[in-house]
Amino acid sequence: MASFHSHFLVIVSILSLLAFSSNAQLSPTFYATTCPNLQTIVRTAMRQAIAREARLGASILRLFFHDCFGCDGSILLDDTATFTGEKNAAPNRNSARGFEVIDTIKTNVEAACNGTVSCADILALATRDGIVLLGGPSWTVPLGRRDARTASQSAANSQIPSPFSDLPTLKSMFAAKGLTASDLTVLSGGHTIGQAQCQFFRTRIYNETNIDPNFATTRKANCPISGGNSNLAPLDTLTPTRFDNNYYADLVNRRGLLHSDQVLFNGGSEDALVRTYSGNNAAFFRDFAAAMVKMGNISPLTGTSGEIRRNCRVVN
């Protein structure tokens, strides 16, 4: 009975994802005839980038997260004298990185099939491949997004969750994008890779009480009470360059680096799911892959909306 029930839930969730995809007019085979080598081109470039610096997998994932609170490539646009983009919004300024990897992929894709593939789709594929290359799950990426001709620094400032957010705030910000509390908890697992700057976790290690004291002491060594704002620490204490469920083990042990991490396991609604993921890597991988597809379907531009940018940094 349990087996039937779980299979039924899987089928229902797959159907709901398919419905979501078709509503957004995205399809995994969107470029099958117009750019058949697209996935190989992206994967090859990501393999080279990760070999050079493993952290880039996390950086590209973060770009996708911050872009998809729209999935329209707007985060990739540079500021100009007459255009204000999102790169200098508070969540991105001096911390969003990996743009040059997307530039390289775009150049390679343009050489193979010019004017065909959007920067938004390249970012979605590069994100998936970076996670796979770091040992994480794979998923089929629905494609067909088009690129924004505009960007909103104010929207980026108001809609992207802060590392200082409490649980109710995180839940409401995700709900505003059609994402559930469970989506929030599993997508936060992206913090199993990557690093954060001292300025974003200083308050936690010096002032908060729901923290392992030995962990706090270790982090203080590289994050003084003043200065050193850009000093880095891994978001996952155990395997910071491998995509796995150790992020959740850290939360259970009160070693979440950011306030917005530890609130997921602090006597609240998400404790049970955090415990599940901390002990079940397969469940984490399955749910993370599904949530990434769902997030990638948040209000993409399709059809004749937007454009296919020739250069990801500027509108045509």
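Residues numbered from 1 in each chain as written. Predicted model: local features only at pLDDT ≥ 70, side-chain atom pairs only at ≥ 80, totals over all residues. Heavy atoms only, no water.

The name an unreviewed UniProt entry assigns to the chain is Peroxidase, from the organism Sphenostylis stenocarpa. In its Subcellular location (unreviewed entry) section, UniProt records this for the chain: "Secreted". Per UniProt, the comment on the chain under Catalytic activity (unreviewed entry) is "2 a phenolic donor + H2O2 = 2 a phenolic radical donor + 2 H2O". (UniProt positions renumbered as here; feature names shortened; annotations may be inferred.)

S.K.: Is there a simple way to think about the overall build of the chain in this case?
M.R.: Per the secondary structure count, the chain includes 14 helices and 2 strands. Compactness check: the chain gives a C-alpha radius of gyration of 19 Å against a globular reference of 20 Å for 316 residues, within 12% of the reference. Dimensions of the chain along its principal axes, counting C-alpha atoms only, are 60 × 55 × 35 Å. Residues classed as buried in the chain amount to 50% of the 316 residues present. Looking at charge distribution, the chain has the averaged site of its 28 positive side-chain charges lying 2 Å from that of its 24 negative ones. (Helix = DSSP H or I, 4+ residues; strand = E, 2+ residues; numbered from the N terminus. Rg over C-alpha atoms; globule rule 2.2 N^0.38 Å. Buried < 20%, exposed > 50% of the residue type's maximum accessible area, 1.4 Å probe, protein only. Lys, Arg positive; Asp, Glu negative; His and termini not counted. Charge placed at Lys NZ, Arg CZ, Asp CG, Glu CD.)

S.K.: Any chance you could explain the environment of G115 here in plain terms?
M.R.: With respect to the element layout, G115 can be found in the loop between α4 (99-112) and α5 (119-133). With 196 residues separating them in the primary sequence, G115 and N311 have C-alpha atoms 9.7 Å apart. Among all residues touching G115, those that are not within four sequence positions of it are E110, I308 and R310. (Contact = heavy atoms within 4.5 Å.)

S.K.: Just to check I follow, could you spell out the packing of helix α9 (residues 198-207) against helix α10 (residues 213-220) for this structure?
M.R.: How two helices sit against one another is set out by the angle between their axes and by the gap between those axes. Across the interface, α9 lies against α10 with an axial gap of 9 Å and an inter-helix angle of 135°. One element, α9, and the other, α10, form an angle in the oblique class. α10 is crossed by α9, and the crossing has left-handed handedness. For the pair formed by α9 and α10, the contact residues are F201, I205 and Y206 on the first element and A216, R219 and K220 on the second. Classifying every residue of the contact of α9 with α10 gives 4 nonpolar, no polar and 2 charged. (Axes fitted to C-alpha atoms, helices over the stretch in contact; angles between N-to-C directions. Parallel < 35°, antiparallel > 145°, perpendicular 65-115°, else oblique. Left-handed = near helix turned anticlockwise from the far one by under 90°. Nonpolar A, V, L, I, M, F, W, Y, C, P; charged D, E, K, R; others polar.)

S.K.: Would you take a moment to explain the nonpolar core for this structure?
M.R.: What tends to happen in soluble globular proteins is that the nonpolar side chains get buried as a cluster. Residues L38, I105, V109, L187, F288, M292 and M295 are the most contacted members of the largest nonpolar core, which totals 72 residues. Here the element with the most residues in this core is helix α14 (residues 281-296); it accounts for 9 residues. Core analysis: the next-biggest nonpolar cluster, separate from the first, contains 12 residues, I205, I211, L257 and L258 among them. (Core = buried A, V, L, I, M, F, W, Y, C linked by side-chain atoms within 4.5 Å.)

S.K.: Help me understand the state of the cysteines, please; the structure alone is not making it clear to me.
M.R.: Applying the stated criterion across every chain, the model contains 4 disulfides. One disulfide bridge connects C119 with C312, the sulfur atoms lying 2.1 Å from each other. Here C119 and C312 share a disulfide; its torsion about the S-S bond, -95°, makes the bridge left-handed. With C119 in helix α5 and C312 in the segment after α14, the pair connects residues that are 193 residues apart, well separated along the chain. Taken as a pair, C119 and C312 share a single burial class, namely buried. In this model, C198 is linked to C223 through a disulfide, with the two sulfur atoms separated by 1.9 Å. Sign of the S-S torsion, about 75° for the bond between C198 and C223, identifies this disulfide as right-handed. Here the residue C198 occupies a position in helix α9, and C223 occupies one in the loop between α10 and β2 (232-234), the gap between them amounting to 25 residues. Residues C198 and C223 agree in their burial class; the two are buried. For the chain, numbering the cysteines in disulfides from first to last along the sequence yields the connectivity 1-4, 2-3, 5-8, 6-7. (Disulfide = S-S within 2.5 Å.)

S.K.: What is the right way to read the packing of aromatic side chains from this model?
M.R.: Aromatic ring pairs: the centre-centre distance and the angle between the two ring planes describe each pair. This model, assessed by the stated rule, comprises 12 aromatic pairs. With a centroid separation of 5.6 Å and an interplanar angle of 10°, the aromatic rings of F243 and F284 are classed as stacked. Of this pair, F243 sits in the loop between β2 and α11 (246-252) while F284 is found in helix α14, placing the two residues 41 residues apart along the sequence. When its relative accessible area of 1% is taken as the criterion, F243 is described as buried. With centroids separated by 6.0 Å and ring planes inclined at 50°, the aromatic side chains of F243 and F285 adopt a geometry described as tilted. Here F243, found in the loop between β2 and α11, pairs with F285, found in helix α14; they are 42 residues apart in sequence, far enough to count as distant. Connected via pairs of aromatic rings, a cluster forms that spans W139, F243, Y247, Y248, Y277, F284, F285 and F288. The ring of F99 is capped by K87, whose NZ or CZ atom sits 4.1 Å from the centre of that ring. (Phe/Tyr/Trp six-rings, centres within 6.5 Å; stacked < 30°, edge-to-face > 60°. Lys NZ or Arg CZ within 6 Å of the ring centre and 35° of its normal.)

S.K.: Help me understand the side chain of S74, please; the structure alone is not making it clear to me.
M.R.: In this structure, S74 sits in the loop between α3 (55-67) and α4. Owing to a relative accessible area of 4%, S74 belongs among the buried residues under this scheme.

S.K.: Help me understand the side chain of D147, please; the structure alone is not making it clear to me.
M.R.: Counting through the fold element by element, D147 comes out in the loop between α5 and α6 (153-159). A polar contact is formed between the side chain of D147 and the backbone nitrogen of C119, at a distance of 2.9 Å. Within polar-contact distance, the side chain of D147 engages the backbone nitrogen of A120 at 2.9 Å. When sequence neighbours within four positions are dropped, the list of residues in contact with D147 reads D72, G73, S118, C119, A120, L301, G306, E307, I308 and R309. (Polar contact = N/O pair within 3.5 Å; in protein donor to acceptor, adjacent residues only side chain to side chain.)

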